[in-house]
Amino acid sequence: MHVTNTLAEANRQMTICNACRYCESLCAVFPAMEQRRVFTDDNLDYLANLCHSCGACYDACQYIPPHEFGVNVPKVLAELRLESYARYAWPRGLAPLFRRNGLLVVLAAATAVALFVGGFVTLGDANVLFVAQTGPGAFYRLMPHEAMVLLFGSVFAFATLALTMSVRTFWHAIGGSPLTLSEVLDAGRAAATLQYLNGGGGGCRNEEERPDDRRVFHHCTFYGFLLCFASTSLATVLHNGLGWQAPYSWYNPVVLLGIVGGLGLLIGPVGLLRAKGKRDPSLTDTRARGMELGFLVMLLLTSATGLLLLVLRATPMMGVLLALHLGVVFALFLSFPYGKFVHGFYRYAALVRFAQEKRTPANVSDNT
Ligand code: SF4
Ligand code: SF4
């Protein structure tokens, strides 16, 4: 007996696929499925998070609607992925945030920006907001460095804790065992290259039935995010270790990493939004649309406000742009454990489990 209708439907479709096995070379889902004869709810959550939603198995399938079997693997696994994020969310009471994530992200961003503008005006010198600030420590004339560290450190620590607890529960549910370095590297290679987003070599399917550029734009987004994160981490080291205060010169590695990462975070989300618009809706979970759009728009706003701040930081626009940038980043951090951001962690955990199963298939029983 499955806990939800989606789990029951995924079980029905996986049972058909397990008898058919035509798609076994397309991605990791089918080889993982073939190691099982029955599918528990946890098994199905594992398979759902292995799926990269490329759509290749839908193209290949002879049992898609209107065939009476009505097989649509990308769609049912997309629906199950969304359910699984809520199922493993920590704390459990915040799981419903996944349902209205798009709206909540917009509200959080608007509120955070308003609070930063209000805070700059009421807690500091109101004139500072609209007067050009230059030289080391210019940003901290609007908001003390200690206050920034406390605010962003707290929200980052909470997001890290919530994500760790959620993924830990998922890992145990899918039967994860102690890791080896080679399993971690094997999964890391698959994740870093998006190995399973190429539909077995044919690329992602879109409405025009051509391979699209989703993989390239996903790479821009992912590596752009990593470079921005590296830029912020380096700035923290320079500030605390060497006493060098932001803003930094154009040729400082903090700025160079931020520029390259910011451009990736502009190009990637724009491309992904465009690809999303062209995707065949019959392959996707429309309930996840708000969450996916909200995440991409927030990434886009983060990079756009960050790059604008860089260009206009010596002008009277700096104060307002800093409030906008900090507000957006704060809301983005806040949404991390309850939005699309979690997909990377669940998918990586599923890929590590897949790497384990490739090495020790004998450990896979019908009920793990
Ligand atoms: S998706 Fe269709 S063709 Fe592919 S294994 Fe399942 S039933 Fe067979
Ligand atoms: S990754 Fe692609 S081929 Fe594999 S199950 Fe998902 S949609 Fe189908």
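Look up: the structure comes first, before these words.
Treat the numbers as computed from the prediction; the structure is a model and nothing was measured. (Residues numbered from 1 in each chain as written. Chains lettered and ligands numbered in written order. Predicted model: local features only at pLDDT ≥ 70, side-chain atom pairs only at ≥ 80, totals over all residues. Heavy atoms only, no water.)

Caption draft 1: Quick look at the site of ligand 2. Taken together, 13 residues lie around ligand 2, and Cys27, Cys51, Cys54, Gly55 and Cys57 are the ones closest in. Taken together, the residues that form the shell around ligand 2 break down as 10 nonpolar, 3 polar and no charged. (Near = heavy atom within 4 Å. Nonpolar A, V, L, I, M, F, W, Y, C, P; charged D, E, K, R; others polar.)

Caption draft 2: A look at the site of ligand 1. In the vicinity of ligand 1, the contacting residues are Cys17, Cys20, Arg21, Tyr22, Cys23, Phe30, Cys57, Cys61, Gln62, Tyr63 and Val73. Within the shell around ligand 1, the residues separate by chemical class into 9 nonpolar, 1 polar and 1 charged.

Caption draft 3: Quick peek at the side chain of arginine 347. Mapped onto the elements of the fold, arginine 347 is located in helix H13 (residues 342-359). No salt bridge is formed by the buried arginine 347, whose closest oppositely charged neighbour, glutamate 292, lies at an N-O distance of 8.4 Å. Among all residues touching arginine 347, those that are not within four sequence positions of it are Asn49, Cys51, His52 and Arg81. (Helix = DSSP H or I, 4+ residues; strand = E, 2+ residues; numbered from the N terminus. Buried < 20%, exposed > 50% of the residue type's maximum accessible area, 1.4 Å probe, protein only. Lys, Arg positive; Asp, Glu negative; His and termini not counted. Salt bridge = Lys/Arg side-chain N within 4 Å of Asp/Glu carboxyl O. Contact = heavy atoms within 4.5 Å.)

Caption draft 4: Layout of the state of the cysteines. Enumeration according to the criterion identifies 0 disulfides in this entry. Lacking any disulfide linkage, cysteine 220 is separated from the closest cysteine sulfur, that of cysteine 228, by 12 Å. (Disulfide = S-S within 2.5 Å.)

Caption draft 5: Up close: the side chain of arginine 81. Turning to its location among the elements, arginine 81 is positioned in helix H5 (residues 73-87). In this structure, arginine 81 is buried with no salt-bridge partner, the nearest side chain bearing the opposite charge being glutamate 292 at 6.4 Å. At 2.9 Å, the side chain of arginine 81 forms a polar contact with the backbone oxygen of alanine 48. Apart from the residues within four sequence positions on either side, arginine 81 is in contact with Ala48, Asn49, Cys51, Ser53 and Arg347. (Polar contact = N/O pair within 3.5 Å; in protein donor to acceptor, adjacent residues only side chain to side chain.)

Caption draft 6: Structural context of helix H6 (residues 101-123). Between its terminal C-alpha atoms H6 stretches 31 Å, which fits the 33 Å expected from 23 residues at 1.5 Å a residue. Residues of H6 that are buried include every one of Asn101, Gly102, Val105, Ala109, Ala112, Val113, Phe116, Gly119 and Phe120, and no others. Against the buried residues of H6 lie helix H7 (145-173), helix H11 (289-312) and helix H12 (318-335). (Expected span 1.5 Å × (residues − 1).)

Caption draft 7: Looking closely at unusual backbone geometry. At the junction of proline 65 and proline 66, the peptide bond is cis and its omega measures out at 15° in the coordinates. Relative to the assigned elements, proline 66 resides in the loop between helix H4 (56-60) and H5. Backbone geometry places serine 53, a non-glycine residue, at a positive phi of 60°. Looking at serine 53, the relative accessible area reads 8%, which means it is buried.

Caption draft 8: Local environment of helix H9 (residues 214-242). For H9, with 29 residues, the first-to-last C-alpha span of 41 Å sits near the 42 Å given by 1.5 Å per residue. For H9, the complete set of buried residues consists of Arg214, Phe217, Thr221, Gly224, Ser231, Ala235, Leu238 and His239. Residues of H9 that are buried in the fold lie against H7, helix H10 (253-278) and H11. Once H9 ends, the next one or two residues include glycine 243, with phi positive near 75°.

Caption draft 9: Inspection of the pattern of salt bridges at higher detail. Under the defined criterion, the tally for this structure stands at 11 salt bridges. Two residues, arginine 87 and glutamate 83, come together in a salt bridge whose shortest N-O distance is 3.5 Å. Of this pair, arginine 87 and glutamate 83 both sit in helix H5, 4 residues apart, which is roughly one turn of the helix. Overall, arginine 87 belongs to the partly exposed group, its relative accessible area being 22%. As a salt-bridge pair, arginine 287 and aspartate 285 come within 3.0 Å of each other at their nearest N and O atoms. In this structure arginine 287 comes out as partly exposed when scored by relative accessible area, which is 47%. One salt-bridge network, held together by shared partners, links Arg36, Arg353 and Glu357.

Caption draft 10: Region of interest: the packing of aromatic side chains. Under the criterion given, the structure shown has 21 aromatic pairs. Here the aromatic rings of tyrosine 88 and phenylalanine 170 are separated by 5.3 Å at their centres, their planes lie at 70°, and the arrangement is edge-to-face. In this pair, tyrosine 88 sits in the loop between H5 and H6 while phenylalanine 170 sits in helix H7, placing the two residues 82 residues apart along the sequence. An identical accessibility class is assigned to tyrosine 88 and phenylalanine 170; each is buried. Taking 6.2 Å as the distance between ring centres and 85° as the angle between the ring planes, the aromatic pair formed by tyrosine 196 and phenylalanine 354 counts as edge-to-face. In this pair, tyrosine 196 sits in the loop between helix H8 (181-193) and H9 while phenylalanine 354 sits in helix H13, placing the two residues 158 residues apart along the sequence. Residue classification places tyrosine 196 among the buried residues on the basis of a relative accessible area of 10%. A cation over an aromatic ring shows up here: arginine 313 above the ring of tryptophan 250, its NZ or CZ 5.5 Å from the ring centre. (Phe/Tyr/Trp six-rings, centres within 6.5 Å; stacked < 30°, edge-to-face > 60°. Lys NZ or Arg CZ within 6 Å of the ring centre and 35° of its normal.)

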